[in-house]
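Commentary on secondary and tertiary structure
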Amino acid sequence: MEALLTNATRTCPFLASSSSATLRKLSTAACPHAFDASASTPAGLVGTTIGRSALFRAAEQCPVMGRALAVQSAKLSSSGTFRHHQGQSRRISSSSKKQMATPVTPTIAGSAELPAFVKRDLAFAKSNQSGQAPAQAASKAGAKAAPTPATFTGGRFDYENFFEDELNRKKQDKSYRYFNNINRLAQLYPMAHTGAGEHVTVWCSNDYLGMSKSPLVIDTMKQTLDKYGAGAGGTRNIAGNAQLHLSLEQELASLHNKQAALVFSSCFVANDATLSTLASKMPGTVIFSDASNHASMIQGIRNSRAPKVIFRHNDVAHLESLLQQYDISTPKIIAFESVYSMCGSIGPIKEIAALAKKYNALTFLDEVHAVGMYGKTGGGVAEYIDAMEDMDIITGTLGKAFGVVGGYIAGSARLVDYVRSYAPGFIFTTSLPPAVVAGALVSIRHLRISGVERAGQQAHTRQLKSILDNIGIPVVPNPSHIVPVLVGNAETAKSVSDELLAKYKIYVQSINFPTVAVGEERLRITPTPGHNEAHMERLVSALTTIWKERGLKKEHDWAAEGGRAGVGISRTVPQLVTEEDVEADFGRVNTDFVSLKPAGLRSLVEATA
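A short tour of the structure in this document, coming up. (Residues numbered from 1 in each chain as written. Predicted model: local features only at pLDDT ≥ 70, side-chain atom pairs only at ≥ 80, totals over all residues. Heavy atoms only, no water.)

**Some details on the overall build of the protein chain**
Using the following cut-off: Only runs of H or I of at least four residues qualify as helices and only runs of E of at least two qualify as strands under DSSP, and these elements are numbered from the N terminus. Under the scheme applied here, a residue whose accessible area is under 20% of the maximum for its type counts as buried, over 50% as exposed, and between as partly exposed, the area being computed with a 1.4 Å probe on protein chains only. Note on definitions: a residue-residue contact is assigned when non-hydrogen atoms from the two residues lie within 4.5 Å.
Looking only at helices and strands, the protein chain has 26 helices and 20 strands in total. With 609 residues in all, the protein chain has 49% of them scored as buried. Within the protein chain, counting contacts between residues at least 6 apart in sequence, those at least 24 apart form 69% of the total.

**Looking at unusual backbone geometry**
Cis peptide bonds are those with omega within 30 degrees of zero, and the linkage from Tyr 189 to Pro 190 qualifies with 10°. Here the residue pair Phe 513 and Pro 514 is connected by a cis peptide bond, since its omega of 10° sits within 30 degrees of zero. Along the polypeptide, Pro 514 turns up in the loop between strand 19 (510–511) and strand 20 (522–525). One non-glycine residue with positive phi stands out, namely Ala 565, at about 55°. Among the residues examined, Ala 565 registers a relative accessible area of 22% and is labelled partly exposed.

**Structural notes on the side chain of Asp 366**
The cut-off we apply is this: Pairs of N or O atoms are called polar contacts if they sit within 3.5 Å, as long as, within protein, a hydrogen donor faces a hydrogen acceptor (for residues adjacent in sequence, only side-chain-to-side-chain pairs).
The residue Asp 366 is located in strand 14 (residues 362–366) in this model. A polar side-chain atom of Asp 366 sits 2.9 Å from the main-chain amide nitrogen of Val 368. Beyond its immediate stretch of four places on either side in the chain, Asp 366 contacts Asn 271, Met 297, Phe 336, Glu 337, Ser 338 and Thr 395.

**Let's talk about a negative patch on the surface**
Just so we agree on the cut-off: Patch criteria: residues need more than 30% relative accessible area and no salt bridge. Like-charged residues are merged within 9 Å; nonpolar side chains of Val, Leu, Ile, Met, Phe, Trp and Tyr are merged within 5 Å. Areas reported here follow the Shrake-Rupley algorithm with a probe of radius 1.4 Å; residue values treat only the protein chains shown as occluding. We define a salt bridge as a side-chain nitrogen of Lys or Arg found within 4 Å of a carboxyl oxygen belonging to Asp or Glu. Here Asp and Glu are counted as negative and Lys and Arg as positive; His is not counted, and neither are the chain ends. One atom stands in for each charge, and that atom is NZ of Lys, CZ of Arg, CG of Asp or CD of Glu.
There is a patch of like negative charges on the surface, built from Glu 579, Glu 580, Asp 581 and Glu 583. Tracing the backbone through its elements, the reader meets Asp 581 in helix 24 (residues 579–586).

**Brief notes about the sheet that holds strand 9 (residues 199–202)**
For clarity, the threshold we go by: Note: two strands are recorded as paired if DSSP finds a minimum of 2 bridges between them.
Pairing is mixed in the open sheet, where four strands are placed in the order 7-8-9-18. The sheet is open, and its two edges are formed by strand 7 (182–184) and strand 18 (506–507), each paired on a single side. The pairing of strand 9 with strand 18 spans two bridges and is parallel. Across the sheet, Thr 201 pairs through a bridge with Ile 506, a residue of strand 18.

**Considerations on the pairing of strand 13 (residues 332–337)**
In terms of residue burial, strand 13 counts as a mostly covered element, since six of its six residues are buried. Going residue by residue along strand 13, you find Lys 332, Ile 334 and Phe 336 tucked away on one face and Ile 333, Ala 335 and Glu 337 tucked away on the opposite face as well. Looking at chain direction, strand 11 (residues 286–290) and strand 13 are connected through four bridges and run parallel. The residue bridging Val 286 from the neighbouring strand is Lys 332, located in strand 13. The sheet contact formed by strand 13 and strand 14 spans five bridges and is parallel. The partner of Ile 333 across the bridge, within strand 14, is Leu 362.

**Focus: the sheet that holds strand 11**
To keep it simple, the criterion reads: For every element, the axis is a line fit to its C-alpha atoms; helices are fit only across the contacting stretch, and the angle between N-to-C directions ranges from 0 to 180 degrees.
With mixed pairing, the seven strands of this open sheet are ordered in space as 10-16-15-14-13-11-12. Lying at the two open borders of the sheet, with one neighbouring strand each, are strand 10 (260–264) and strand 12 (308–311). For this sheet, the mean inter-axis angle between neighbouring strands, taken without regard to orientation, is 20°. Contacts between helix 11 (residues 243–255) and the sheet are confined to strand 10 and strand 16 (407–411), with strand 10 contributing the most and set at about 125° to the helix. Where helix 12 (residues 267–281) meets the sheet, its contacts fall on strand 10, strand 11, strand 13, strand 14, strand 15 (393–397) and strand 16, and the angle it forms with strand 16 comes to roughly 45°.

**Some words on the pattern of salt bridges**
Side chains that differ in charge, positive against negative, can pair when their charged atoms come close. For the structure on display, the rule yields 14 salt bridges. Among the salt bridges present, the one from Arg 550 reaches Glu 499, with a minimum N-O distance of 2.9 Å. You can see Arg 550 sitting in helix 22 (residues 533–550) and its partner Glu 499 sitting in helix 21 (residues 490–504), a full 51 residues away along the chain. When the shortest N-O distance is used, the salt bridge between Glu 520 and Arg 522 registers 3.5 Å. Residue classification places Arg 522 among the buried positions, given a relative accessible area of 3%. Overlapping salt bridges, with partners in common, bring together Glu 251, Arg 445 and Arg 448 in one network.

**Considering the packing of aromatic side chains**
Let me state the cut-off plainly: Planes of paired rings set the category: under 30 degrees apart is stacked, over 60 is edge-to-face and the rest tilted, where pairs are Phe, Tyr or Trp rings (Trp by its six-membered ring) whose centres lie within 6.5 Å. Geometrically, a lysine NZ or arginine CZ counts as sitting over a ring once it is within 6 Å of the ring centre and also within 35 degrees of the ring normal.
Evaluated as defined, the whole model comprises seven aromatic pairs. For the ring pair Tyr 176 and Tyr 178, a centre distance of 4.8 Å and an interplane angle of 75° mean the geometry is edge-to-face. Owing to a relative accessible area of 28%, Tyr 176 belongs among the partly exposed residues under this scheme. Residue classification places Tyr 178 among the partly exposed positions, given a relative accessible area of 45%. Just above the ring of Tyr 176 sits the side chain of Lys 171; from NZ or CZ to the centre is 4.9 Å. The cationic tip of Lys 494 hangs over the ring face of Tyr 178; the distance from NZ or CZ to the ring centre is 4.9 Å.

**Describing the packing of helix 21 against helix 22**
We count it as follows: In what follows, roughly perpendicular refers to angles from 65 to 115 degrees, roughly parallel to angles under 35, roughly antiparallel to angles over 145, and oblique to any angle outside these ranges. Should the near helix be turned anticlockwise from the far one by less than a right angle, the crossing is left-handed, and should it be turned clockwise, the crossing is right-handed. For this scheme, ten residues count as nonpolar: Ala, Val, Leu, Ile, Met, Phe, Trp, Tyr, Cys and Pro. Four count as charged, namely Asp, Glu, Lys and Arg, and the remainder, Gly too, count as polar.
One can describe the packing of helix 21 onto helix 22 by two numbers: an axis separation of 11 Å at closest approach and a directional angle of 130°. As judged from the angle between their axes, helix 21 and helix 22 are oblique. Crossing geometry of helix 21 relative to helix 22 is assigned as right-handed. On helix 22, the residues touching Thr 492, Ser 495, Val 496, Glu 499, Leu 500, Lys 503 and Tyr 504 of helix 21 are Ala 542, Leu 543, Thr 545, Ile 546, Trp 547, Glu 549 and Arg 550. Looking at the contact of helix 21 with helix 22 residue by residue, the classes come out as seven nonpolar, three polar and four charged.

**Topic: helix 9 (residues 159–172)**
The cut-off we apply is this: Multiplying one less than the number of residues by 1.5 Å gives the expected span of a helix.
In this model helix 9 runs 20 Å from its N-terminal to its C-terminal C-alpha over 14 residues, within 8% of the 20 Å that 1.5 Å per residue would give. The N-cap residue of helix 9 is Asp 158: its side-chain oxygen and the backbone nitrogen of Glu 160 are 3.4 Å apart. Once helix 9 ends, the next one or two residues include Lys 174, with phi positive near 65°.

**A word on the packing of helix 12 against helix 17 (residues 413–422)**
Two numbers describe how helix 12 lies on helix 17: the axes approach to 10 Å, and their chain directions differ by 95°. Classified by the angle their axes make, helix 12 and helix 17 are roughly perpendicular. Residues Thr 274, Thr 277, Leu 278 and Lys 281 of helix 12 lie in contact with helix 17, whose contacting residues are Tyr 418, Val 419 and Tyr 422. Residue classes in the contact of helix 12 with helix 17 are distributed as four nonpolar, two polar and one charged.

**Things to note about the side chain of Arg 236**
Here Arg 236 shows up in the loop between helix 10 (215–228) and helix 11. On the accessibility criterion, Arg 236 (13% relative accessible area) is buried. At 2.8 Å, the side chain of Arg 236 and the side chain of Asn 241 are in polar contact. A polar side-chain atom of Arg 236 sits 2.9 Å from a polar atom in the side chain of Glu 249. Residues within four places of Arg 236 in sequence aside, it is in contact with Asn 241, His 245, Leu 246, Glu 249, Val 263, Phe 426, Thr 429 and Ser 431.

Put into structure tokens, the structure is as follows:
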């Protein structure tokens, strides 16, 4: 009922002022009514008494619902059958049909017994049709006037006013999203130009390894575009199932050491479609979801309509206490991430795998911000810590470290085929264009044998974190490649981001609610292999100046307040990737790629020669 009321209350003042409990009470309270013989009551029922609820009685007095009910009554009676709200039916003779009058609103005996709030809201509804002032209508009903909803104008729903009100609400709570016009330049990576043509340095891209401008990727896409054209031609079931798609899925399955993989238009769609399909089809499924899971997973869980249980972020003990409450025979899915992109934390993959085995649950691991970034072949955190075998479902993206676009899942052959056969998000969506698939395929193959890009990214992340820590700029401690700088206020975070762009030609997007909690607003910085010493010096200098001029809180200030978002609580979090592994990756260069190496990586490649 609550789901239906969400939209209905916006247009009906009676529903808007009545709680769900009140409506349930009215709907279950039987009230016998005698129909007026002059009303459009089916012949044979005039003057009879039929058990009806108080809610039905109120609806019949509503100028909108009453008319609709009368019309429906006429339609039903003309078909020879009258069905009232309890599902009972009575046959009407053909001669009785001829006696039907033009539908009008029924008059119900005993209407004076309606509750005062019902009278008030019915009066308000009538006023919207007659043009009478709500206060006057409410006065006649003997009740206090109800406030007029902003979207009501003469009984018609004002769509544009509704949109404006909702947008103003987001602007007032500082959660409104502003998109900057940033045009990344492939030949000048990590530079971009703004809409005004000014060159800026991008410090917040998810193109973590710069593969989007890789000559290897671009040349492959150009050749594929010339050969196969721009579009896929349809869904995978119609004309969009090419050898390139099959080869990409085989490569992804091999990357994660799984039997099969399935490519989607994005990983948002992959997560949504997979979770909603599995949980809605397996009877009695319960989903256990990390409190910091991405919106795509949350949406998939919602769409499944399966019961969900949320465990505290990365809290294995809490997760186990929840799992213990369900029988071993209950289907369960534990959904979590490897790298949480806004705080940089890493999920306890092995510990969750152990619980899944103990309590008979499927594991659903989102490696979106880890594929290409971790592991000897770029298989993600699960590969780096040797836990891929323990994961039932791994999801990833082609649009971050791999530099193109798209998403995928990898798992057992039966599971993947099940999702392929039942998930609407896969079945009814046009497949990725051949050029995109070819670009992703060559990018994955390159990063499986080359470690220099990962090493460059990890080295620059370590360097930036160390510098910011030394000068007291508050970085949310984490073991991954993300550098979140805590600001603690939505308006200030947006203002700092704007100043960096306008004054220092540095683009770092601010992150506000609902992506992060209120009071934990931040700048999210992502170093890449292409950022050099000069780029880093300008970033650090700009942050230092802004923090000083604005008097923003540093690490010791947050510590004095007890800490926030992990800042100021005197704990050191070591990087997941060890220095030894970074050095080893520097020595793993794809020799087929050296002649085509991007300018941003030239120094790194030459350093390993």
